[in-house]
Amino acid sequence: MPHFHLVLILSLTTLVSVSSHSRPYTIPSVTHLTDSFPHVTIQTAFSNAFGAKNVKFLGNGSMATLALDKITGSGMVSQNRYNYGFFSAAIKLPAGLSPGVVVAFYLSNADKFPHNHDEIDIEILGHDKRNDWVIQTNVYANGSVSTGREEKFYFWFDPTQQYHYYSILWNSYHTVFFVDNIPVREFIHKTTSPFIYPSKPMSLYATIWDGSEWATHGGKYPVNYKYAPFVVSFAEMELSGCITDPNSPTSSCSKSNPSGQQDPINGADFSKLSQQQIAAMDWARRKLMFYSYCTDVNRYKVLPPECH
């Protein structure tokens, strides 16, 4: 690690003790991107995707709970599609034993492009007595799961005790995943083929569902409905970016806004991470990442170009 990264980490930190690993972590301080964008009213910004009876809106629509029971999971989808943007939510995960439960906060266009869709995924995978909650990130494009770029991380906190921020920044330059404003992963678009990263307009989804077949240790631990319903809470939702006009063949905001200035989210201010953010990401990846496709030699005999 470059020396200035180490200095920054040591000088801009907060010491916390976490229950999920029962050992203390020194958390890097970072700029809170979530303070830069307005909250939306979830009830008006989203519609039901499935399991409507398990979706409840609270706080005049500013909060929502989604439940998974023996019959169905539940999910919401944004009213608008986006060409790029910043998407964030404060999420509190179901407490108790939850193997096989999947909470997802992701962008997708599978409904419009069923055979060549794109996705940018945050999937939070439930646990059993022997394992911590896991966050899985993924990027893939054009309907090919084989192009998926999975990476998995442990948390530095117990995500069931209070709300924590989960965020995605997606623009022309890169896709970045954040947890509590700390970047845990940056996927730089210019380092790989355009076929690999999402480029078509996408909707934002928030869901909870049964992932028994794969979620916890490859399906070893299925959902135990004795502990149902599993309830996840969403608050402080943020959706900012270029909204696609369905009546226009090209984006009205991908290049400039009416004042002639480039849209900030697709402009220079969001084209790369700051040194502070890079240092924080280095910390997260060294301390908490336990799987990356870039080290999976069984899957890739020749590693993808962005891994070099």
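Residues numbered from 1 in each chain as written. Predicted model: local features only at pLDDT ≥ 70, side-chain atom pairs only at ≥ 80, totals over all residues. Heavy atoms only, no water.

A. The arrangement of the overall build of the protein chain in detail. Helices and strands together make up the secondary structure of the protein chain, namely three helices and 17 strands. By residue count, 52% of the 308 residues in the protein chain fall in the buried class. Pairs at least 24 apart in sequence give 68% of the contacts found in the protein chain among residues at least 6 apart. Accessible surface computed for the protein chain: about 14,100 Å², of which carbon and sulfur atoms make up 54%. (Helix = DSSP H or I, 4+ residues; strand = E, 2+ residues; numbered from the N terminus. Buried < 20%, exposed > 50% of the residue type's maximum accessible area, 1.4 Å probe, protein only. Contact = heavy atoms within 4.5 Å. Areas by Shrake-Rupley, 256 points an atom, 1.4 Å probe, with all protein chains shown as cover.)

B. View of the pairing of strand 15 (residues 203-210). Of all the eight residues making up strand 15, six are buried; the element is thus mostly covered by neighbouring parts of the structure. Inspection of the sheet shows strand 6 (residues 74-78) paired to strand 15 by four bridges, in the antiparallel sense. Counted as the bridge partner of valine 77 is tyrosine 205 from strand 15. Here eight bridges tie strand 8 (residues 101-108) to strand 15, and the two strands are oriented antiparallel to one another. Bridge pairing links phenylalanine 105 to alanine 206 in strand 15. (Pairing = 2+ DSSP bridges.)

C. Expanded view of the state of the cysteines. Enumeration over the complete set of coordinates arrives at one disulfide. A disulfide bridge connects cysteine 294 with cysteine 307, and the sulfur atoms are separated by 1.9 Å. Looking along the S-S bond of the cysteine 294-cysteine 307 disulfide, the torsion reads about -75°, which is the left-handed sense. Residue cysteine 294 is found in the segment after strand 17 (289-292), and its partner cysteine 307 is found in the segment after strand 17; the two are separated by 13 residues along the sequence. (Disulfide = S-S within 2.5 Å.)

D. Representation of the packing of aromatic side chains within the structure. One pass over the full model with this rule turns up 14 aromatic pairs. Aromatic pair phenylalanine 155 and phenylalanine 157: ring centres 5.1 Å apart, planes at 45°, arrangement tilted. Take phenylalanine 155 and phenylalanine 157: they sit in the same class, and that class is buried. An angle of 65° between the planes, with centres 6.3 Å apart, marks the rings of tyrosine 293 and tyrosine 300 as edge-to-face. Of the two residues examined, tyrosine 293 and tyrosine 300, each falls in the buried class. One aromatic cluster in this structure is built from Tyr25, Phe155, Trp156, Phe157, Tyr166 and Trp283. The cationic tip of lysine 200 hangs over the ring face of phenylalanine 113; the distance from NZ or CZ to the ring centre is 5.3 Å. (Phe/Tyr/Trp six-rings, centres within 6.5 Å; stacked < 30°, edge-to-face > 60°. Lys NZ or Arg CZ within 6 Å of the ring centre and 35° of its normal.)

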